[in-house]
Amino acid sequence: MTVRNQHLLREFNRVDERVTRWMARSGVTLLRISMGIIFVWFGALKLIPSLSPAETLIRETITFVPMALFLPLLAIWEILIGVGFITGKFMRAAILLLFLQMPGTLSPVLLRPDLVFTTFPFVLTIEGQYIVKNLVLISAALVIGATVRGGGLISDPLQRRGLSDAEQ
């Protein structure tokens, strides 16, 4: 390897370490705020009749409860989850509300697969895609939940293994 290539590699690694440290420092916070925006936004849409893209799916799946009561309650529930994520306050409660809400969100897969799949079990409708994206929200909530006691992401593999600077 030439001296120039060694220099470029060192420079790349320096920049890469800096970017990775920033991602570790900021990632969970940005994930939390992004989750909050999604929940506030989608919840608020449910407060205005016919504005939420999920309303038809909800109406056709949850037929055993009065929609005049259910949709506003669901909207407020989602907004509360979102506000919890955005503010970072009451995170345990916000995550609990999210996990209590998710079975209902995923219920069309079992209750109305005809609305979720065009070809079972692989080809999803737009509504099915809307539902499956919730797997990312569930995973994100798990990552955020892992930090509620003050933990965070670590970008340094040596630090991750518990090695101090003296041991490196």
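Refer to the preceding data block for the structure.
Remember, it's a predicted structure, so these values are computed and weren't measured experimentally.

1. Side note on the overall build of the protein chain
Part 1 of the reasoning: Tallying secondary structure elements over the protein chain gives 9 helices and 2 strands in all.
Part 2 of the reasoning: Along the protein chain, helices and strands appear, N-terminal first, in the series α-α-α-α-α-α-β-β-α-α-α.
Part 3 of the reasoning: The C-alpha atoms of the protein chain give 22 Å as radius of gyration, which overshoots the globular expectation for 168 residues (15 Å, by more than 25%).
Part 4 of the reasoning: Along the three orthogonal principal directions, the C-alpha set of the protein chain runs to about 70 × 40 × 25 Å.
Part 5 of the reasoning: Put simply, the protein chain has 168 residues, and 28% of those count as buried.

2. Considerations on helix H1 (residues 3-46)
Part 1 of the reasoning: The first and last C-alpha atoms of H1 sit 61 Å apart over 44 residues, in line with the 64 Å expected at 1.5 Å per residue.
Part 2 of the reasoning: Most pronounced at Ser 26, the bend in H1 amounts to some 45 degrees.
Part 3 of the reasoning: Those residues of H1 lying buried are Ala 24, Ser 26, Val 28, Arg 32, Met 35, Gly 36, Phe 39, Gly 43 and Lys 46.
Part 4 of the reasoning: As for H1, its buried residues are in contact with helix H2 (55-61), helix H3 (67-87), helix H4 (91-106), helix H7 (126-132) and helix H8 (134-145).

3. A word on the layout of surface pockets
Any empty space left between atoms is shown by rolling a water-sized probe over those atoms.
Part 1 of the reasoning: In this model, the largest pocket occupies a volume close to 440 Å³.
Part 2 of the reasoning: Lining the largest pocket we find 25 residues, and of these Leu 74, Glu 78, Gln 101, Gly 104 and Thr 105 sit closest to its centre.
Part 3 of the reasoning: Those elements giving two or more residues to the lining of the largest pocket turn out to be H1, H2, H3, H4 and H8.
Part 4 of the reasoning: Of the residues belonging to the lining of the largest pocket, the class tally is 16 nonpolar, 6 polar and 3 charged.

4. Re unusual backbone geometry
Part 1 of the reasoning: Cis geometry marks the peptide bond from Phe 120 to Pro 121, where omega comes out at 0 degrees.
Part 2 of the reasoning: For Pro 121, the position within the fold is in the loop between strand E1 (117-119) and strand E2 (123-124).
Part 3 of the reasoning: Despite not being glycine, Ser 50 shows a phi value in the positive range, around 70 degrees.
Part 4 of the reasoning: Along the chain, the position of Ser 50 falls in the loop between H1 and H2.
Part 5 of the reasoning: Taking relative accessible area as the criterion, Ser 50 reaches 65% and is therefore assigned exposed.
Part 6 of the reasoning: The phi angle at Phe 90 is positive, at roughly 55 degrees, despite the residue not being glycine.
Part 7 of the reasoning: Its location among the elements puts Phe 90 in the loop between H3 and H4.

5. Some details on H4
Part 1 of the reasoning: Taking 1.5 Å per residue as the helical rise, H4 with its 16 residues ought to reach 22 Å, and the 22 Å between its terminal C-alpha atoms agrees with that figure.
Part 2 of the reasoning: The set of residues buried in H4 consists of Met 91, Ala 94, Ile 95, Leu 98, Gln 101, Met 102 and Thr 105.
Part 3 of the reasoning: Summarising the contacts, the buried residues of H4 are in contact with H1, H3, helix H5 (108-111), H7 and H8.

6. Let's talk about the packing of H3 against H4
Part 1 of the reasoning: Look at H3 against H4: their axes get within 8 Å of each other, and the N-to-C directions meet at 140 degrees. Crossing angle aside, the handedness with which H3 passes H4 is left-handed. Judged by residue contacts, Leu 74, Trp 77, Glu 78, Leu 80, Ile 81, Gly 84 and Phe 85 of H3 engage Met 91, Ala 94, Ile 95, Leu 97, Leu 98, Leu 100 and Gln 101 from H4.

Here is what the cut-offs are and how they apply
Residues numbered from 1 in each chain as written. Predicted model: local features only at pLDDT ≥ 70, side-chain atom pairs only at ≥ 80, totals over all residues. Heavy atoms only, no water. Helix = DSSP H or I, 4+ residues; strand = E, 2+ residues; numbered from the N terminus. Rg over C-alpha atoms; globule rule 2.2 N^0.38 Å. Buried < 20%, exposed > 50% of the residue type's maximum accessible area, 1.4 Å probe, protein only. Expected span 1.5 Å × (residues − 1). Bend = angle between axes of the 7 residues up to and from the residue. Contact = heavy atoms within 4.5 Å. 1 Å grid on protein atoms, 1.4 Å probe; cavity = no way out; pocket = protein on both sides within 12 Å on 5 of 7 lines; lining within 4 Å. Points joined across faces, edges and corners; volume = space filled by probe spheres on them. Nonpolar A, V, L, I, M, F, W, Y, C, P; charged D, E, K, R; others polar. Axes fitted to C-alpha atoms, helices over the stretch in contact; angles between N-to-C directions. Left-handed = near helix turned anticlockwise from the far one by under 90°.

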